[in-house]
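# Coordinate analysis (summary)
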Amino acid sequence: MKHTKILILFLLFFFHIGISAQDRDRPREGEGIYAFLRRNDRVAKNDYNRFLELNKGKFGKNNSLKMGVYYTLPPKDKDASVSTSKEKPEKQKNNTPSKNQSGIKRKNPLFGKKYENYTVSSDRLKGACFFLSSGHGGPDPGAIGKVDGKTLHEDEYAYDITLRLARRLSEEGATVYMIIQDAKDGIRDDKYLSNSNRETCMGKAIPLNQKARLKQRSDKINSLNKSSKEKYKRAVFIHLDSRSKKHQLDVFFYHAKNSASGKKLANTMKNTFRDQYKKHQPNRGFTGTVSTRGLYVLEKTVPVGLFAELGNIQNTFDQRRFLDPDNRQALANWMCRGFIKDYEDYKKLNRK
Ligand SMILES: [Zn+2]
């Protein structure tokens, strides 16, 4: 009897070690929360916030991870039951078609080897369609910044953020078109993104002439717009622009003149960013603006358009923001939140 008790204690001890070894991990060099969670396969919607809760007091500045510290990971099984409180996708396929696509596994090679597989985790953007166009590309690098002796091209960073946004929107059930594409560069967790002129407009070479370049992507969006059946469609243009080296510019959202829906979307986006900054970087302050601007792509494309300038790639402060892949992910996540809000508002309005 005594031996049995000891054996049980012994087993419990090892069982406990087994569990904690799974539930905790130390960050690797340069890893932020998103990268850390992704490496540990915690990609459910609420994992980030749960992780913050679980590890209160263990973070550095701006919720950075400290080297050598063990962080508790949110439980995995729970995630599944939270984010897919619905049937298993395989079952749905065989039964009468369900409106719910939540839980379905999808693949998009554009996201790169590490991120090409994803799971549709909600239907919040079901019925919404996005045409995502990252700025510049091909022979045009956009604005150029210099940091640590490296030359940074706007188009590479804009593309990475756009890919991350595309993946997030897809996870929420949206239909997403990547207008500018790079067959080789997926989502990259690097600080310094290597430069290339490989980008195409959905397979077609991008011309160098600015007018021809903008016309090409606008025409592409308009033809896809015609063939897609969704009622809610948005064209999104993502830039990290540079106006002056000195100014820290924060975030600018532009909409087409006379587009009430565009203005509404831009304001929703700005407010979402303001709230997220307040939550994650309360000391930073936020100076985002919304305005109209006679931009070719906004004027020529048919779907409601949003043109976002997410910062200034020549400004040292903003550069730091773009170099960190977690920050690029955060920008994509916040835009996704903004779109969810805008789509919810749209559905409310059109229900009546
Ligand atoms: Zn630009």
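If you're wondering where the values come from, they're calculated on a predicted model, not measured in any experiment.

Each donor-metal-donor angle in an ideal tetrahedron of four donors is 109.5 degrees, and each such angle in an ideal octahedron of six donors is either 90 or 180 degrees. Donor atoms from the polypeptide that coordinate the zinc ion comprise His136 (NE2), Glu154 (OE), Glu154 (OE), His239 (ND1) and Asp241 (OD), at 2.1 to 2.7 Å from the metal. Within one chain, the residues serving as donors to the zinc ion are arranged as H-x17-E-x84-H-x1-D. Of this pair, His136 sits in the loop between β5 (128-134) and β6 (144-147) while Asp241 sits in the loop between β12 (232-239) and β13 (252-255), and the two are 105 residues apart along the sequence.

A few words on the sheet that holds β12. With mixed pairing, six strands are arranged side by side in an open sheet as β8-β5-β12-β15-β13-β14. Single-partner strands in this sheet number two, and they are β8 (175-178) and β14 (289-292). Averaged over all neighbouring strand pairs, the angle between strand axes comes to 20 degrees, with direction disregarded. Judged from the four bridges that link them, β13 and β14 form a sheet pairing that is parallel. The residue bridging Phe252 from the neighbouring strand is Thr289, located in β14.

Once that is clear, we can look at the confidence of the model for the protein. Within the protein, residue pLDDT values average 85, and 84% of them lie at 70 or more. Within the model, the stretch residues 78-98 combines pLDDT values under 50 with 21 contacts to residues more than four positions away or in other chains.

We now examine the sheet that holds strand β10 (residues 200-201). One open sheet holds the three strands; their spatial order is β9-β10-β11, and the pairing between them is antiparallel. Only two strands of the sheet have a single partner each, and these edge strands are β9 (180-181) and β11 (204-205). Pairing of β10 with β11 involves two bridges; the strand directions are antiparallel. In the sheet register, Thr200 faces β11, and the bridge partner there is Ala205.

Right, let's talk about unusual backbone geometry for a bit. With a phi angle near 45 degrees, Met202 is a residue other than glycine that sits in the positive phi range. With respect to the helices, strands and loops of the structure, Met202 is situated in the loop between β10 and β11. By relative accessible area, which is 26% here, Met202 ends up partly exposed. With a phi close to 65 degrees, Asn258 is a non-glycine residue in the positive phi region. Structurally, the position occupied by Asn258 is in the loop between β13 and α8 (260-280).

What follows concerns the pattern of salt bridges. Taken as a whole, this structure holds 22 salt bridges when the rule is applied. Across the pair Arg213 and Asp140 runs a salt bridge whose closest N-O atoms are separated by 3.0 Å. Remark: Asp140 occurs in the loop between β5 and β6 and Arg213 occurs in helix α7 (residues 210-227); sequence separation between them is 73 residues. You'll find Arg213 and Asp140 in the same group, each marked buried. Residues joined by salt bridges that share partners form a network here, namely Lys114, Asp160, Arg164, Asp189 and Arg328.

This next bit is on the packing of helix α6 (residues 154-171) against helix α11 (residues 325-351). Where α6 contacts α11, the axes come no closer than 8 Å and their chain directions differ by 50 degrees. On the basis of their axis angle, the class for α6 and α11 is oblique. The handedness of the crossing between α6 and α11 is right-handed. In this structure, α6 uses Tyr157, Asp160, Ile161, Arg164, Leu165, Arg168 and Leu169 to contact α11, whose residues at the interface are Pro325, Arg328, Gln329, Leu331, Ala332, Asn333, Met335, Cys336 and Phe339. Split by residue class, the contact of α6 with α11 holds ten nonpolar, two polar and four charged.

Membership of the largest hydrophobic core comes to 61 residues, with the highest contact counts inside it found for Phe130, Phe273, Leu310, Met335 and Phe339. Summarising the domain contributions, this core has at least three residues from each of domain 1 (2-77) and domain 2 (86-351). Those residues in contact with Phe339 that sit more than four places away from it in its chain are Leu125, Phe130, Leu165, Leu169, Tyr232, Val236, Leu265, Met269 and Leu306. In terms of nonpolar packing, the next biggest core, distinct from the first, is built from 19 residues, Ile179, Leu214, Ala256 and Leu298 among them.

Counting across every chain of the model gives 19 aromatic pairs. Here the aromatic residues Phe130, Tyr232, Phe339, Tyr343 and Tyr346 are joined through ring pairs into a cluster of three or more. Taking the ring centre of Tyr192 as reference, the NZ or CZ of Lys150 above it sits at 4.5 Å.

With 18 residues, α7 ought to run about 26 Å at 1.5 Å a step, and its terminal C-alpha atoms sit 26 Å apart, in line with that. When we look at burial in α7, the residues that qualify are Arg213, Leu214, Gln216, Arg217, Ser218, Ile221, Asn222, Leu224 and Asn225. In this structure Asn209 caps α7, since a side-chain oxygen of it lies 3.1 Å from the backbone nitrogen of Lys211.

This paragraph deals with the pairing of strand β15 (residues 304-309). Buried residues dominate β15, accounting for six of its six residues. By the alternation rule, side chains of β15 split into Val304, Leu306 and Ala308 and Gly305, Phe307 and Glu309, which are all buried. Pairing of β12 with β15 involves six bridges; the strand directions are parallel. The residue bridging Phe237 from the neighbouring strand is Phe307, located in β15. Bridging between β13 and β15 involves three bridges; their strand directions are antiparallel. Counted as the bridge partner of Tyr254 is Phe307 from β15.

Rules used throughout
- Residues numbered from 1 in each chain as written.
- Predicted model: local features only at pLDDT ≥ 70, side-chain atom pairs only at ≥ 80, totals over all residues.
- Heavy atoms only, no water.
- Donors = N, O, S within 2.8 Å, 3.2 Å for Na, K, Ca; no water.
- Helix = DSSP H or I, 4+ residues; strand = E, 2+ residues; numbered from the N terminus.
- Pairing = 2+ DSSP bridges.
- Axes fitted to C-alpha atoms, helices over the stretch in contact; angles between N-to-C directions.
- pLDDT = per-residue confidence, 0-100.
- Contact = heavy atoms within 4.5 Å.
- Buried < 20%, exposed > 50% of the residue type's maximum accessible area, 1.4 Å probe, protein only.
- Salt bridge = Lys/Arg side-chain N within 4 Å of Asp/Glu carboxyl O.
- Parallel < 35°, antiparallel > 145°, perpendicular 65-115°, else oblique.
- Left-handed = near helix turned anticlockwise from the far one by under 90°.
- Nonpolar A, V, L, I, M, F, W, Y, C, P; charged D, E, K, R; others polar.
- Core = buried A, V, L, I, M, F, W, Y, C linked by side-chain atoms within 4.5 Å.
- Domains from an automatic or database assignment.
- Phe/Tyr/Trp six-rings, centres within 6.5 Å; stacked < 30°, edge-to-face > 60°.
- Lys NZ or Arg CZ within 6 Å of the ring centre and 35° of its normal.
- Expected span 1.5 Å × (residues − 1).
- Polar contact = N/O pair within 3.5 Å; in protein donor to acceptor, adjacent residues only side chain to side chain.

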